[in-house]
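Spelled out from the first residue to the last, the chains are:
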Amino acid sequence: SLLVWPMFGMAAATAALLASPTLPMLVAVMAVTGFLNGPMDIALFTLRQRRTDPAWMGRAFAVSMSLNFIGYPIGAAIGGPFANCSTVIRAAG
């Protein structure tokens, strides 16, 4: 339940952001998703720990965390040009 309910909460928060895309709503959604990320991480790490052989625990967590965070530089590399184009288009429009 600690894995499922935070995901439903994050989905509801994201849906609320789609309904009202304002800066205060964005701040509220980020706060809610950050708050719900804690229980979800605990459940995910517990599940991973239970299913991993103790001899492979360090390697499994290292690979898992590396794969979890590889999206940040990829997202920044993709989002940077989009952000640049959107400001140029708004300035020109």
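Now for a quick tour of the structure. (Residues numbered from 1 in each chain as written. Predicted model: local features only at pLDDT ≥ 70, side-chain atom pairs only at ≥ 80, totals over all residues. Heavy atoms only, no water.)

## Let's talk about the packing of helix 1 (residues 4-19) against helix 2 (residues 23-51)
- Where helix 1 contacts helix 2, the two axes come as close as 9 Å, and the packing angle between them is 170°. Taken together, the axis directions place helix 1 and helix 2 in an arrangement best described as roughly antiparallel. Along its contact with helix 1, which presents Pro6, Met7, Gly9, Met10, Ala13, Thr14, Ala16 and Leu17, the element helix 2 presents Met25, Leu26, Val29, Val32, Thr33, Leu36, Asn37, Pro39 and Met40.
- Residue classes in the contact of helix 1 with helix 2 are distributed as 13 nonpolar, four polar and no charged. (Axes fitted to C-alpha atoms, helices over the stretch in contact; angles between N-to-C directions. Helix = DSSP H or I, 4+ residues; strand = E, 2+ residues; numbered from the N terminus. Parallel < 35°, antiparallel > 145°, perpendicular 65-115°, else oblique. Contact = heavy atoms within 4.5 Å. Nonpolar A, V, L, I, M, F, W, Y, C, P; charged D, E, K, R; others polar.)

## Remarks on the packing of aromatic side chains
- What the rule picks out here adds up to three aromatic pairs.
- When the centroid spacing of 5.6 Å and the interplanar angle of 50° are considered together, the rings of Trp5 and Phe8 count as tilted. Of this pair, Trp5 and Phe8 both sit in helix 1, three residues apart, which is roughly one turn of the helix. The burial state of Trp5 is the same as that of Phe8; both residues are exposed.
- When the centroid spacing of 5.7 Å and the interplanar angle of 55° are considered together, the rings of Phe45 and Phe61 count as tilted. Of this pair, Phe45 sits in helix 2 while Phe61 sits in helix 3 (residues 57-69), placing them 16 residues apart in sequence.
- Of note, Arg48 hangs over the ring of Phe61, and the distance from its end group to the ring centre comes to 5.5 Å.
- Over the ring of Trp56 we find Arg59; its NZ or CZ atom is 4.2 Å from the centre of that ring. (Phe/Tyr/Trp six-rings, centres within 6.5 Å; stacked < 30°, edge-to-face > 60°. Buried < 20%, exposed > 50% of the residue type's maximum accessible area, 1.4 Å probe, protein only. Lys NZ or Arg CZ within 6 Å of the ring centre and 35° of its normal.)

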